[in-house]
Amino acid sequence: MAVGIEDYGQDCGSMRITAFLDIPGQDNLTPLARLEKYAFSDNVYNRQIIARGLLDVFRDFSNNEEGFLTVMEIVVRLSEDAEPTVRTELMEQIPPIAIFLQESRPKFPTAFFEYLMPIVVRYLTDINNQVRKASQEALLILLEQDLVAQSDIENKVCPILLDLSAPDSDDEYKVEAVNIICKMASMLSRTTVEHMLLPRFCELCSDGKLFQVRKICAANFGDICNAVGQEATERLLIPKFFELCSDSVWGMRKACAECFMAVSYTTSPEVRRSKLSPLFISLISDTCRWVRQAAFQSLGPFISTFANPSSAGLYIREDGTLSIRPPAQDVNSNSCQPSNNITLMSSSANAALSSSEQPMEIKPESSTEETSAEVHTKLSEDLNKDLREESSDCCASPGEEVSHLCQGDTAAAGATEAAKESSFPGMSSRLPSAEDVFNTFLYWRPPLPDISQDLELLQFKAEKHNDACSVPCNNCVASSEIKKVLESLQEHIDDPDVQAQVQVLSAALRAAQFDSVGDCETKKMEESGDNLQNKMILDETAVADAACNQVQGDTLLSPASQDDISDQSATSVLKSTDSEEQHRGTSVFLRKEQESNPSFEDDKSKLQDIIPQPLLDQYLSMTDPARAQTVDTEIAKHCAYSLPGVALTLGRQNWHCLKDTYETLASDVQWKVRRTLAFSIHELAVILGDQLTAADLVPIFNGFLKDLDEVRIGVLKHLYDFLKLLHADKRREYLYQLQEFVVTDNSRNWRFRYELAEQLILILELYNPNDVYDYLRHIALTLCSDKVSEVRWISFKLVVAILQKFYANGANALGLNFINELVVRFRHCSKWVGRQAFAFICQAVVEEECMPVDQFVEHLLPSLLSLASDPVPNVRVLLAKALRQTLLEKAYFKSVGNPHLEAAEETILALQSDRDQDVSFFATIKLKQGNMDSITIEKQN
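Residues numbered from 1 in each chain as written. Predicted model: local features only at pLDDT ≥ 70, side-chain atom pairs only at ≥ 80, totals over all residues. Heavy atoms only, no water.

### Regarding the overall build of the protein chain
When helices and strands are tallied, the protein chain shows 50 helices and 4 strands. Looking at the protein chain residue by residue over its 941 residues, the buried ones come to 49%. Sequence separation of at least 24 residues holds for 69% of the intrachain contacts in the protein chain that already meet a minimum separation of 6. Surface summary for the protein chain: the accessible area is close to 45,400 Å², and the carbon and sulfur share equals 51%. (Helix = DSSP H or I, 4+ residues; strand = E, 2+ residues; numbered from the N terminus. Buried < 20%, exposed > 50% of the residue type's maximum accessible area, 1.4 Å probe, protein only. Contact = heavy atoms within 4.5 Å. Areas by Shrake-Rupley, 256 points an atom, 1.4 Å probe, with all protein chains shown as cover.)

### Structural notes on the side chain of H682
Of note, H682 is situated in helix α36 (residues 671-705). Looking at H682, the relative accessible area reads 8%, which means it is buried. Here the side chain of H682 touches F679 through a polar contact of 3.4 Å, landing on its backbone oxygen. (Polar contact = N/O pair within 3.5 Å; in protein donor to acceptor, adjacent residues only side chain to side chain.)

### Quick notes on the pattern of salt bridges
Across all of its chains, the model carries 27 salt bridges by this definition. Taking the shortest distance from any N to any O, the salt bridge between K156 and D152 comes out at 3.6 Å. Here the residue K156 and the residue D152 both occupy positions in helix α8 (residues 150-164), the gap between them amounting to 4 residues, near one helical turn. Given the relative accessible area of 8%, D152 is considered buried. Through salt bridges with shared partners, a single network forms among R132, E172 and E176. (Salt bridge = Lys/Arg side-chain N within 4 Å of Asp/Glu carboxyl O.)

### Focus: the nonpolar core
Formed by 217 residues in total, the largest nonpolar core has its most connected members in F221, F241, Y619, F856 and L864. It is α36 that contributes the most residues to this core, 16 residues altogether. (Core = buried A, V, L, I, M, F, W, Y, C linked by side-chain atoms within 4.5 Å.)

### A few points about the confidence of the model for the protein chain
Scored by pLDDT, the protein chain has a mean of 74; 64% of the residues are at 70 or more. Taken together, the stretch residues 468-474 has pLDDT below 50 and engages in 5 contacts with residues farther than four places along the chain or on a different chain. (pLDDT = per-residue confidence, 0-100.)

### Here's the deal with the packing of helix α13 (residues 230-245) against helix α16 (residues 269-284)
Helix-helix packing is characterised by the crossing angle of the two axes and by the distance between the axes. For the pair α13 and α16, interaxial distance at closest approach is 11 Å and the crossing angle is 15°. The orientation of α13 with respect to α16, classified from their angle, is roughly parallel. You can see that α13 and α16 cross each other, and the crossing is left-handed. Residues E234, I238, F241, F242 and C245 of α13 form the contact with α16, whose own contacting residues are V271, K275, L276, L279 and L283. When the residues that make up the contact of α13 with α16 are grouped by side-chain class, the tally is 8 nonpolar, no polar and 2 charged. (Axes fitted to C-alpha atoms, helices over the stretch in contact; angles between N-to-C directions. Parallel < 35°, antiparallel > 145°, perpendicular 65-115°, else oblique. Left-handed = near helix turned anticlockwise from the far one by under 90°. Nonpolar A, V, L, I, M, F, W, Y, C, P; charged D, E, K, R; others polar.)

### Remarks on the environment of F260
By the element assignment, F260 lies in helix α15 (residues 260-265). For F260, a relative accessible area of 0% translates into the label buried. Spatially, the C-alpha atom of F260 lies 8.5 Å from that of P301, the residues being 41 residues apart in sequence. Sequence-distant contacts of F260, that is, excluding residues within four places in its chain, are made with F241, C245, L276, L279, F280, L283 and F302.

### As for the packing of aromatic side chains
Counted under the stated rule, the structure contains 21 aromatic pairs. A ring pair is formed by W793 and F840, whose centres lie 4.8 Å apart and whose planes are at 80°; its orientation type is edge-to-face. Taken together, the residues span a long stretch of sequence, with W793 in helix α42 (residues 789-808) and F840 in helix α44 (residues 832-848) at a distance of 47 residues. According to the relative accessible area criterion, W793 is partly exposed, its value standing at 27%. (Phe/Tyr/Trp six-rings, centres within 6.5 Å; stacked < 30°, edge-to-face > 60°.)

### Focus on helix α7 (residues 129-144)
Given 3.6 residues per helical turn, the α-helix brings residues three or four places apart onto the same face. Given a rise of 1.5 Å per residue, 16 residues ought to cover 22 Å, and the 23 Å separating the end C-alpha atoms of α7 matches this to within 8%. Among the residues of α7, those classed as buried are V131, R132, A134, S135, Q136, A138, L139, L140, L142 and L143. Of the residues flanking the start of α7, the one acting as N-cap is N128, its side-chain oxygen 2.9 Å from the backbone nitrogen of Q130. Following α7 by one or two positions, D146 has its phi on the positive side, about 60°. (Expected span 1.5 Å × (residues − 1).)

### Thoughts on unusual backbone geometry
The backbone of D146 sits at a positive phi, close to 60°, despite the residue not being glycine. Summarising the element assignment, D146 is placed in the loop between α7 and α8. Located in the positive-phi region is E849, a residue other than glycine, with phi close to 55°. Along the chain, E849 falls in the loop between α44 and α45 (853-859).

### Overview of the state of the cysteines
A full pass over the atoms with the stated rule returns 0 disulfides. As a non-bridged cysteine, C256 has C245 as the owner of its nearest cysteine sulfur, 3.9 Å distant. According to the relative accessible area criterion, C256 is buried, its value standing at 0%. (Disulfide = S-S within 2.5 Å.)

### Notes on the packing of helix α35 (residues 656-666) against α36
In contact at an axis separation of 10 Å, α35 and α36 are set at 145° when each is read in the N-to-C sense. In this structure, α35 crosses over α36, and the sense of that crossing is left-handed. Residue-level contacts link K659, Y662, E663, L665 and A666 of α35 to V673, R674, L677, I681, L684, D696, L697, I700 and F704 of α36. Looking at the contact of α35 with α36 residue by residue, the classes come out as 10 nonpolar, no polar and 4 charged.

### Re the side chain of D690
Topologically, D690 is positioned in helix α36. Buried and unpaired, D690 has R652 as its nearest opposite-charge partner, separated by 6.2 Å. (Lys, Arg positive; Asp, Glu negative; His and termini not counted.)

### Focus on helix α2 (residues 44-52)
Burial analysis of α2 places 7 of its 9 residues in the buried class, which makes it a mostly covered element. Lining the buried residues of α2 we find α1 (31-39), α3 (54-60), α4 (65-78) and α5 (84-104). Its side-chain oxygen placed 3.0 Å from the backbone nitrogen of Y45, N43 serves as the N-cap of α2.

### A look at the environment of L620
Along the chain, L620 turns up in helix α32 (residues 613-620). The spacing of L620 and C657 is 37 residues in sequence and 8.6 Å in space, taken between C-alpha atoms.

As structure tokens, this is what we get:
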């Protein structure tokens, strides 16, 4: 009976498909003749099997030149089969055949280009949809493997694709062609894409007939931009991108929002800031919810394209880890903190994350002081201009001014912050050198003039003004002014911000009216002995009088002297020694802003100049509960996911912009949001540095430690990475809290305890031996008794690491105590798993050389050898492995005359004759393995 393909079932793929060619039958045909017979059989299934098994056929005839050419001719004829399934099977086999021929035949280029490549190109225009899809996938694989010559790409592939994507082409062919053009763009050279495919791609972006074509272009726009580079992107593609972002079909706009980061990555900073940012704001404010949802998801990645490594003070290593840039390359990274000195991290890239890093202080230079004086002079002139504009209000309602200024340090601190904010943009460009970095002490501290005479004159004018003016009058004027403002706000009462202003002004109005009614009682109280408050009112009234006299033409003092007197007056009122940080003009400016906009104090802390401010405002709004209702229920999760990238872009000097948002996310009701933050808090700690981490991240980290297990696992997986960034004193506070990780919400969550053991192995290096012995030792021993085997085995490695920690740091006494505890807990354990663990620990101690050999043979070896008489075979198996595979292989036990060698050999002999086959096998496995190796070598020879 002849054997053919018909005798193979549908499950023949697991065997060599063309095995039938080697089976002699009644037809007396050669394998090639039999191949040709079944390749052109009337049975479709036979032809499918031949097409599916072509790779095996080429392997069989790869060494036969004549037979190889015959097989190629059969393939060409088979490619013209009328059955689509046969052609599909054939096309699916062409990529593996091409890869095989490239690896095994030196004449592959000619064979592939003459026989196989024309089939791929022809099938791109096949009438059957499945055949075309198979040819497209095969083409992409060949391009990815770099198996297609450049000449074939330019002369065969690209012309076919351009014809298929022509305006008059069939719709189905056009959609498939633009899809393959977009996918293959990243695999071709930039010249080929720019000269042959880019013009057609730009035309397809404006295709008004099929929105599917435009949608494919929008979805792959980033890949095309990356393929052609920055110049072609800005010249040709950005205008098309603007068209797609304003397309009438929301699917196009959504696709543009999803690829926005890739497009932004290939543009210059100027185009990114001036063109793409407004465009993205339009997408994030789109009328379609799905477009807004995609835009908000891409907002964080888009912001990350503004990152400047030189300003962030960080860089990414080759292994992908985030590291701090050395101080020599990052002078400005830490100059953002308001302090009297400039603190820079004096650590290298490798040691920047250690707890031993010490900050170095750079004293201010004289040139910086001169520059700061010039800047302050200009700032004072601008503020004086605002002061003159506000002078009438100062004279009309000095009581209102007193009510603000009498708040003490709060107003003083607010004035300083407003002064910083009013001239921060572009300030760094005024510096004469890179060494004169920004510092609030240098910029806002004016030279201290001698104003003793002016101060006496001012006090005299204050006493004179006290006799001429009265507080009730001022209160009346203040009340009338507040009423006018309230009336003007009534028409905008629906605005929440306006409502907040109305509440504040109403409270101020009631206070002013109360002061007016109770003036008599107030005057009696002043006379009775409240001298301090009286003096404050007098001094502040003098300040208001000085401002009025300045507007009315009082030329007694120069503008510079007036500023200095204002500063000194505020100092006498507030009893503060920080006179250099108080400017009356700044105080007036701040009061004006706070009265007109109560949210000014909060908004000004969100200002920065790294990215366009509208982008940051939109990002910060992602925590608004209203966004979850109108955009996406998981928008907070997307915000949390991209927050480290945004923080890296803004740099630690702008962390104040994100601090409130981060705290809001950390307290979000959704555990998925908190989990996302927990998994990235260690990266954020690297970005912020040790000072901001200790101040802002440690409290949130502590909260995560007490959260759900789904959140705690994020902290636990990177526990070592976070703790090593903290200083030693702060890190030591977590020793006791580490024990809380042993307890989980679900006892079946054994992977949580497994991760804890792995992290503790790394954490050992962060603490001294005494802390390890007092805290971590108990956790390790608890994990060694876990119900799950995997947790116990990793915990045994932790025990070995602890023992190595003791002896590596010279804490031999602690090591000896720990050994004695191990012997009692494991060697003499009533359960056999404990005794088995003791054998494993001893083997690991010898392998890792955790302790001196003489200490091992004295304290551990006797207990280890005593396991030879254990009644449980599994214990003796571990003992046999420890002795044969590890202990006896060490040089110490191989030395002649070793007193401990004899005892070990006697134990091995006893185990070799053990009644259990497994024990005797592992006791002699080395000998058998050596014999097997020698036998193998002899056979090879």
